[in-house]
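# Remarks on the overall topology
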Amino acid sequence: MAKYFNITGASSAAAELTRELLAPGDGVRVSSISLTNVHADTKCTVDLYIEKSLAGKFYILKSVELPIGATLVHDFTFNNGTDEYGLYLKLTKSASETPSVDVIIK
């Protein structure tokens, strides 16, 4: 079952926003993720990573720039079972605008 998110970026006071997409133990089977910059006027930078308590962060995408209107699709799988990894997205704005990214997890 697909999961959908619209993440509107950091406020004017902060340059970045990190959002938990899947919590450890959600048990979601992931086969791919789609990231689309839906902001009309500005590019943004994204980090996508999995994280597990006591194991740390493991980056799937690091400092990837999404141009205006661009979509990035990445196929991958990971263990989202109990006491395993969560999935996180960090969105960094590149201008004074507030970026917005649509996320689809399949």
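Here the structure is a predicted model, which is why all the values come from computation and not from measurement.

## Quick notes on the pattern of salt bridges
- Counted under the stated rule, the structure contains five salt bridges.
- Where Lys43 meets Glu65, a salt bridge forms, and the shortest distance between an N and an O atom there is 3.6 Å. Placement of Lys43 in the loop between strand 3 (32-37) and strand 4 (44-52) and of Glu65 in strand 5 (residues 56-66) is noted, with a sequence separation of 22 residues between them.
- For Lys43, a relative accessible area of 37% puts it in the partly exposed group.
- Glu65 gets classed as partly exposed once you look at its relative accessible area, which sits at 45%.
- Salt-bridge contacts for Lys90 lead to Asp47; the nearest nitrogen and oxygen are separated by 3.5 Å. Of the two residues, Lys90 is situated in strand 7 (residues 86-93) and Asp47 in strand 4; the sequence distance between them amounts to 43 residues.
- Taking relative accessible area as the criterion, Lys90 reaches 19% and is therefore assigned buried.
- Residues joined in a network through salt bridges with shared partners are Glu16, Asp47, Lys62 and Lys90.

## Here's the deal with the nonpolar core
- Leu21, Ile33, Leu35, Leu87 and Val103 are the most contacted members of the largest nonpolar core, which has 22 residues in total.
- Looking at this core, the elements that each hand over two or more residues are strand 2 (16-22), strand 3, strand 4, strand 5, strand 7 and strand 8 (100-105).
- With four residues, strand 4 is the single largest residue contributor to this core.
- Ignoring any residue separated from it by four or fewer positions in sequence, one finds Leu87 in contact with Arg19, Glu20, Leu21, Leu22, Ile33, Leu48, Tyr49, Ile50, Ile60, Phe76, Phe78 and Ile105.

Rules used throughout
Residues numbered from 1 in each chain as written. Predicted model: local features only at pLDDT ≥ 70, side-chain atom pairs only at ≥ 80, totals over all residues. Heavy atoms only, no water. Salt bridge = Lys/Arg side-chain N within 4 Å of Asp/Glu carboxyl O. Helix = DSSP H or I, 4+ residues; strand = E, 2+ residues; numbered from the N terminus. Buried < 20%, exposed > 50% of the residue type's maximum accessible area, 1.4 Å probe, protein only. Core = buried A, V, L, I, M, F, W, Y, C linked by side-chain atoms within 4.5 Å. Contact = heavy atoms within 4.5 Å.

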